[in-house]
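Residues per chain, in single letters:
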Amino acid sequence: MTDKSQSHHLGGYGRSPRKNAPQWSCIAGITREGARIPGAANHIKYPSTPKLLYGCSPLEAGRLAIERANCAFDHGRRRRRLRRDGIALLAGVASYPVLRKLVESDAAEKEAYMRWCAMTLLWLIQQFGEHLLSVVEHADENFLHLHYYVVPKLRPDGRLNLHEIHP
């Protein structure tokens, strides 16, 4: 059974969740879920270690994002530190639209999935360039999917350059 609808989600995260957002909706939460740290992916019955496809681990990307956020300033006229919920990391998920069981059991579907992975990774590298720090594959849910993490550079004026990375 195939769904045929590609799913892709991109979100921005700060050091702390925004008001009324879930506790996991922050840099540490989203990268811990991507790395499948115990207790961080409670929606998965049997979490498995993700496969690193590009760059560093999600945790390392999150560490760098927090480090840059700690040095950053808001975009206002006054020179104020970046808010705790100010965006310092983009995290996305691209899901393959065919059930994992079918991909694993059908050689042609497996080959199609591998092509999709390669093309998606190439697109991510072209889209985000040097700001793309991590891409991992999750194979422990009904649909195979890739998580990716993008961290903006700190400009000389102390601001994070989100315009450079957000499509």
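Residues numbered from 1 in each chain as written. Predicted model: local features only at pLDDT ≥ 70, side-chain atom pairs only at ≥ 80, totals over all residues. Heavy atoms only, no water.

Visitor: Explanation requested: the side chain of His138 in the structure shown.
Guide: Note that His138 resides in strand S4 (residues 132–138). For His138, the residues in contact, after removing those within four places along its chain, are Glu33, Gly34, Arg36, Pro50, Leu144, His145 and His147. (Helix = DSSP H or I, 4+ residues; strand = E, 2+ residues; numbered from the N terminus. Contact = heavy atoms within 4.5 Å.)

Visitor: Please clarify how the pattern of salt bridges should be interpreted in this entry.
Guide: Where charged atoms from two side chains of opposite charge approach closely, those side chains can pair. All told, the structure shown has 12 salt bridges when counted by the stated rule. Between Asp140 and Arg36 there is a salt bridge, and its shortest N-O distance comes to 2.8 Å. With Asp140 in the loop between S4 and strand S5 (143–150) and Arg36 in the loop between helix H1 (27–35) and strand S2 (51–55), the pair connects residues that are 104 residues apart, well separated along the chain. Residue classification places Asp140 among the buried residues on the basis of a relative accessible area of 13%. A salt bridge links Arg36 to Glu141; the nearest nitrogen and oxygen atoms lie 2.9 Å apart. Of the two residues, Arg36 sits in the loop between H1 and S2 while Glu141 sits in the loop between S4 and S5, which places them 105 residues apart along the sequence. Glu141 gets classed as partly exposed once you look at its relative accessible area, which sits at 23%. (Salt bridge = Lys/Arg side-chain N within 4 Å of Asp/Glu carboxyl O. Buried < 20%, exposed > 50% of the residue type's maximum accessible area, 1.4 Å probe, protein only.)

Visitor: Explain the nonpolar core here, please?
Guide: Side chains that are nonpolar tend, in soluble globular proteins, to be buried together. The biggest cluster of nonpolar side chains holds 19 residues, and the ones touching the most others in it are Tyr96, Tyr113, Trp116, Leu132, Val135, Tyr148 and Val150. When residues of this core are traced back to their parent elements, those giving at least two are strand S3 (89–99), helix H4 (107–128), S4 and S5. Tallying contributions element by element places H4 first for this core, with 7 residues. Other than its neighbours up to four places away in sequence, Val135 contacts Lys51, Leu52, Leu53, Tyr54, Leu121, Leu124, Leu146, His147 and Tyr148. Residues Leu64, Ala88, Leu89 and Val151 belong to the second largest nonpolar core, which totals 16 residues. (Core = buried A, V, L, I, M, F, W, Y, C linked by side-chain atoms within 4.5 Å.)

Visitor: When you look at the packing of aromatic side chains in this model, what are you seeing that I'm missing?
Guide: Each aromatic ring pair is described using two quantities: the centre-to-centre distance and the angle formed by the ring planes. Counted by the stated rule, this structure contains 5 aromatic pairs. Centroid distance Tyr113 to Trp116: 5.7 Å. Interplanar angle 25 degrees. Geometry classified as stacked. Linking Tyr113 with Trp116, this pair stays in helix H4, spanning 3 residues, or about one helical turn. When sorted by exposure, Tyr113 lands in the same class as Trp116, which is buried. Taking the centre distance of 5.7 Å and the plane angle of 35 degrees together, the rings of Phe128 and Tyr148 count as tilted. Of this pair, Phe128 sits in helix H4 while Tyr148 sits in strand S5, placing them 20 residues apart in sequence. Residue Phe128 shares its accessibility class with Tyr148, and that shared class is buried. One aromatic cluster is present, formed by Tyr96, Tyr113 and Trp116 through successive ring pairs. (Phe/Tyr/Trp six-rings, centres within 6.5 Å; stacked < 30°, edge-to-face > 60°.)

Visitor: Whenever I open this one, the layout of surface pockets confuses me. Can you help?
Guide: Here the largest pocket is characterised by a volume of approximately 270 Å³. If you go around the largest pocket, you meet 16 residues; those closest to its centre are Ile30, Glu33, Val93, His145 and His147. The set of elements that each furnish at least two residues to the lining of the largest pocket consists of strand S1 (7–13), H1, S3 and S5. Each residue belonging to the lining of the largest pocket can be placed in one class, and the counts come to 7 nonpolar, 7 polar and 2 charged. The wall of the second largest pocket is formed by Lys51, Leu53, Val103, Glu104, Lys110, Tyr113, Met114, Cys117, Ala118, Glu137, Ala139 and Leu144. At the level of secondary structure, the elements contributing two or more residues to the lining of the second largest pocket comprise S2, helix H3 (100–105) and H4. (1 Å grid on protein atoms, 1.4 Å probe; cavity = no way out; pocket = protein on both sides within 12 Å on 5 of 7 lines; lining within 4 Å. Points joined across faces, edges and corners; volume = space filled by probe spheres on them. Nonpolar A, V, L, I, M, F, W, Y, C, P; charged D, E, K, R; others polar.)

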